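Fold and geometry: a report
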Amino acid sequence: MTHHLFLSDEGQLLPNWQAAFSQARSGLLPSADGTPAARDDTLVWVDITTPQDVHTTLRALPSTRVIAMSRHPLPAEALACLRLGCRGYCHTLSSPGMLQDVAGVVSHGGLWAGVDLLQQGLRALRSPLEAENETWELLTPRERQIAGCIVDGLNNKEICRHLGIEERTTKTHITSILKKAQVRDRLQLVARLTHQAEPAASSPD
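Keep in mind the model is a prediction, meaning the values are calculated, not measured. (Residues numbered from 1 in each chain as written. Predicted model: local features only at pLDDT ≥ 70, side-chain atom pairs only at ≥ 80, totals over all residues. Heavy atoms only, no water.)

1. Examining helix H7 (residues 141-151)
- Among the residues of H7, those classed as buried are Glu143, Ile146, Ala147, Gly148, Cys149, Ile150 and Val151.
- Just downstream of H7, Gly153 is the residue with a positive phi angle, here 95°. (Buried < 20%, exposed > 50% of the residue type's maximum accessible area, 1.4 Å probe, protein only. Helix = DSSP H or I, 4+ residues; strand = E, 2+ residues; numbered from the N terminus.)

2. A closer look at the pairing of strand E1 (residues 3-8)
- Most of E1 sits out of view: five of its six residues are buried.
- When E1 meets strand E3 (residues 42-47), the two strands line up parallel, connected through five bridges. Bridging across to E3, Phe6 finds its partner in Trp45.
- Crossover E1 to strand E2 (residues 25-28) through helix H1 (residues 15-20) is right-handed. (Pairing = 2+ DSSP bridges. Right-handed = clockwise from strand over helix to strand, strands pointing away.)

3. Here's the deal with the nonpolar core
- In this structure, Ile146, Ile150, Ile159, Ile177, Leu189 and Leu193 are the most contacted members of the largest nonpolar core, which totals 19 residues.
- The set of elements that each furnish at least two residues to this core consists of H7, helix H8 (156-163), helix H9 (167-181) and helix H10 (186-193).
- Residue contributions to this core peak at five residues, all from H7.
- The contact partners of Ile177, leaving out residues within four places of it in the chain, are Leu139, Glu143, Ile146, Ala147 and Leu189.
- Counting residues in hydrophobic clusters, the runner-up holds 16 residues, among them Met69, Val102, Ala103 and Val106. (Core = buried A, V, L, I, M, F, W, Y, C linked by side-chain atoms within 4.5 Å. Contact = heavy atoms within 4.5 Å.)

4. Overview of the pairing of strand E4 (residues 65-70)
- With five of six residues buried, E4 lies mostly within the body of the structure.
- Pairing of E3 with E4 involves five bridges; the strand directions are parallel. Looking across to E4, one finds that Val46 is bridged to Ala68.
- Remark: the E3/helix H2 (residues 51-60)/E4 crossover connection has right-handed handedness.
- Bridge analysis of E4 against strand E5 (residues 88-91) gives four bridges, and the strand direction is parallel.

5. Digging into the confidence of the model for the protein
- Of the residues in the protein, 82% reach a pLDDT of 70 or more, and the chain-wide mean stands at 81.
- Considering each helix and strand of the protein separately, the mean pLDDT is smallest for helix H5 (residues 115-123), with a value of 60, and largest for H1, with 96.
- Counting interchain partners and residues more than four positions distant, the pLDDT-below-50 stretch residues 125-132 has 25 contacts.
- Confidence over residues 196-205 falls short of pLDDT 50; this stretch has 33 contacts with residues more than four positions distant or in other chains. (pLDDT = per-residue confidence, 0-100.)

6. As for the pattern of salt bridges
- Here the structure, examined in full by the defined rule, presents three salt bridges.
- Salt-bridge contacts for Arg71 lead to Asp47; the nearest nitrogen and oxygen are separated by 3.1 Å. Of this pair, Arg71 sits in the loop between E4 and helix H3 (75-84) while Asp47 sits in strand E3, and the two are 24 residues apart along the sequence.
- When its relative accessible area of 38% is taken as the criterion, Arg71 is described as partly exposed.
- Judged by its relative accessible area of 6%, Asp47 is buried.
- Among the ionic pairs, Arg168 bridges to Glu166, the shortest N-O distance being 3.8 Å. (Salt bridge = Lys/Arg side-chain N within 4 Å of Asp/Glu carboxyl O.)

Here is the structure:
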């Protein structure tokens, strides 16, 4: 059974949090005065003011999976939180059903940021991929085109239209790219290609 701990400045459960997870606990954000206790199987939801709240929580509870929540979600903030090590990012006032969906994805090892929000963030970070990137050098010319589309935030169907290839071919290439990059999913691929702290992107010719 997955446990849920919601951390905020107020230390109180919001109605939508409690409706999503009836057994959820609440607590204050970690500080110099103390850190809430959490088991390794706990999902820790952090109602953040800045990504620094995420950094502090991850440092205080290194064995837990952390999901950042914001009352004013922004693409750049979503990417910053994911790069820090969060497993998800969503609106503080998300519906109970949405929170349950996020928890389901994260509990099974995935990452959640919402497709639209993530694509906006990735497109905002467009600049040429660095030629010296070791992962980039492992890819074939076609794989580099597809990897560039992924960094730009395109989904599979958009990649197919952009490059004029079939979806089955796109999926085959993506599987090969993830294997060569030794990553599990598209978000990890983007982080690997962009060196984490210095986001970069590429568009096919």
